[in-house]
Amino acid sequence: MAAISEEEVKLYDRQIRIWGMEAQRRMRNSRVCIVALQGTAVETIKNLVLAGVGELVILDEEKTTTRDLETNYFLTAADIGRGRAKASAIQIRDLNPNVKVTTDVTPVMEKDGSFFSGFDVVVCCDCSYKICAHVNKGCRANSTAEKSHVFFASYSLGFDSFFYEDVGPEFEYKVKGNVEEGIQPTIETVKGIPFEDIVSNLSFSSLERSLCQYKVPKANGGMKWHSLRRTLRRHKRLASSAGVLLKARKAGFDKPDEKKLSEIRKEMGFPEGAESSLSDEDLKKCAKHNGICLAPVLSIIGGILAQEALKVISHNAKPIDNTILFDVLHGAAEIRFTAGRTGKREAAPSVGQKRKIREVIDLL
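Only a predicted model underlies this, so the values are computations on that prediction, with no experimental measurement involved.

Undergrad: Honestly, the overall build of the protein in this entry has me stumped. Any pointers?
TA: Secondary structure assignment for the protein yields 13 helices and 13 strands. The buried share of the protein, taken over its 364 residues, is 50%. Sequence separation of at least 24 residues holds for 65% of the intrachain contacts in the protein that already meet a minimum separation of 6. Summed over all atoms, the accessible surface of the protein reaches about 17,000 Å², with 51% contributed by carbon and sulfur.

Next comes the structure, spelled out in structure tokens:
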């Protein structure tokens, strides 16, 4: 593992004081791959590069269009028609010369699983379900507790946005706590109590399995599986919209219209009418906003995604469990566990519980 130079210590001094030298060293030696330079990609890249990851690979074969200029501040009008990844990389390198930035224009589906298992983190941005499932499978193939290949899939829905996280079949992380007292440090408890590193383990399901099943706590302890259809019927509008959209993409419809979404809503068992968690008006907005990117929304969800990526790279905190949905119009976000995991379970937000976005950021 390469050592951090004195210049880097000075550059990253403030964040080293927060998460420690070992975490910064892990970041310094990490490899991150961004699949498709769209959606939350730009904000995620900015935050990861400034934090000091070791290498960033942008996997994108598309050319720059006028629409890219709306949310990608690494591009200018002069870049229209040029390769989107290569044109952006010029400005990205200027953010932090210590980070190695490379581009790859090979189509994603031509990459085998071994390519993605060479990264600590892979982020798919507004990609089709086929691409996400292919990348997720590659990340999980060679993941171990000590060397994980964490997968993220993020989507933009206009005023809404969400991302899904899979840390793999095995993931080991550390938290500060006191085993004897059974508590973790807070402002109220940190004084006078010795804290130490507590190693914990997690196991997440793949994206494919998460769309078919849902694991919830039993009243008497343990876990039980529920279908996604059953649980989403009890969820609020945003979670329902995200679930229907992912189901549509899994069925091969990357840009589903209102009619197709209505069919999928019926297949998933949602009640119809204004009182439904997914009304006709909600479906209309979902179809209209699918793929539309608003810079303010992307800056928030991209920042959270980058912070989560840094957490799993450093193994220095508990990952989210395992989906964040952000509703900008209501200033609220939801954390949902949409896939089963093992290991000691901490108290999770109740199904349908919403948190203000500031509270979500504080939790991370």
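Undergrad: Can you walk me through the pairing of strand β6 (residues 160-166) in this structure?
TA: Every regular strand shows the same layout, with side chains that alternate between the two sheet faces. Burial runs high along β6: 7 of the 7 residues are buried. In the sheet, strand β5 (residues 150-157) pairs with β6 via 7 bridges, with the strands oriented antiparallel. Following the sheet pairing, Leu-157 is matched in β6 by Asp-160. Here β5 hands over to β6 after 2 residues, with Gly-158 in that stretch at a positive phi of 70°. As judged from the 5 bridges shared by β6 and strand β11 (residues 323-327), these two strands associate in the antiparallel manner. Bridged to Phe-162 within β11 is Leu-325.

Undergrad: Quick question: what am I supposed to make of the packing of helix α3 (residues 41-51) against helix α12 (residues 295-314) here?
TA: How two helices pack is summed up by the angle between their axes together with the distance between the axes. The N-to-C vectors of α3 and α12 enclose an angle of 40°; their axes lie 7 Å apart at closest approach. Here α3 is positioned oblique relative to α12, judged by the angle of their axes. Classified by chirality, the crossing of α12 by α3 is right-handed. Two secondary-structure elements touch here, α3 through Glu-43, Thr-44, Asn-47, Leu-48 and Ala-51 and α12 through Leu-298, Ser-299, Gly-302, Gly-303, Leu-305, Ala-306, Ala-309 and Leu-310. Classifying every residue of the contact of α3 with α12 by side-chain character gives 7 nonpolar, 5 polar and 1 charged.

Undergrad: Is there a simple way to explain α12 in this structure?
TA: Every α-helix winds through 3.6 residues per turn, so residues three or four apart in the chain are directed the same way. An ideal rise of 1.5 Å per residue puts 28 Å on 20 residues; α12 measures up with 28 Å between its terminal C-alpha atoms. With 14 of 20 residues buried, α12 lies mostly within the body of the structure. Once α12 ends, the next one or two residues include His-315, with phi positive near 55°.

Undergrad: Where do I start with the pattern of salt bridges in this structure?
TA: Working definition: two side chains of opposite charge can pair if their charged atoms are close together. Overall, the coordinates contain 14 salt bridges when judged by the stated rule. Between Arg-17 and Asp-13 there is a salt bridge; the shortest N-O distance is 2.8 Å. Residue Arg-17 and its partner Asp-13 are both found in helix α2 (residues 13-28); the two are separated by 4 residues, about one turn of the helix. On the accessibility criterion, Asp-13 (31% relative accessible area) is partly exposed. Note that Lys-46 is salt-bridged to Glu-43, the shortest N-O span being 3.1 Å. Of the two residues, Lys-46 and Glu-43 are both situated in helix α3; the distance of 3 residues between them amounts to about one turn of the helix. One continuous salt-bridge network, built from bridges that share partners, spans Glu-22, Arg-25 and Arg-26.

Calculation notes
- Residues numbered from 1 in each chain as written.
- Predicted model: local features only at pLDDT ≥ 70, side-chain atom pairs only at ≥ 80, totals over all residues.
- Heavy atoms only, no water.
- Helix = DSSP H or I, 4+ residues; strand = E, 2+ residues; numbered from the N terminus.
- Buried < 20%, exposed > 50% of the residue type's maximum accessible area, 1.4 Å probe, protein only.
- Contact = heavy atoms within 4.5 Å.
- Areas by Shrake-Rupley, 256 points an atom, 1.4 Å probe, with all protein chains shown as cover.
- Pairing = 2+ DSSP bridges.
- Axes fitted to C-alpha atoms, helices over the stretch in contact; angles between N-to-C directions.
- Parallel < 35°, antiparallel > 145°, perpendicular 65-115°, else oblique.
- Left-handed = near helix turned anticlockwise from the far one by under 90°.
- Nonpolar A, V, L, I, M, F, W, Y, C, P; charged D, E, K, R; others polar.
- Expected span 1.5 Å × (residues − 1).
- Salt bridge = Lys/Arg side-chain N within 4 Å of Asp/Glu carboxyl O.

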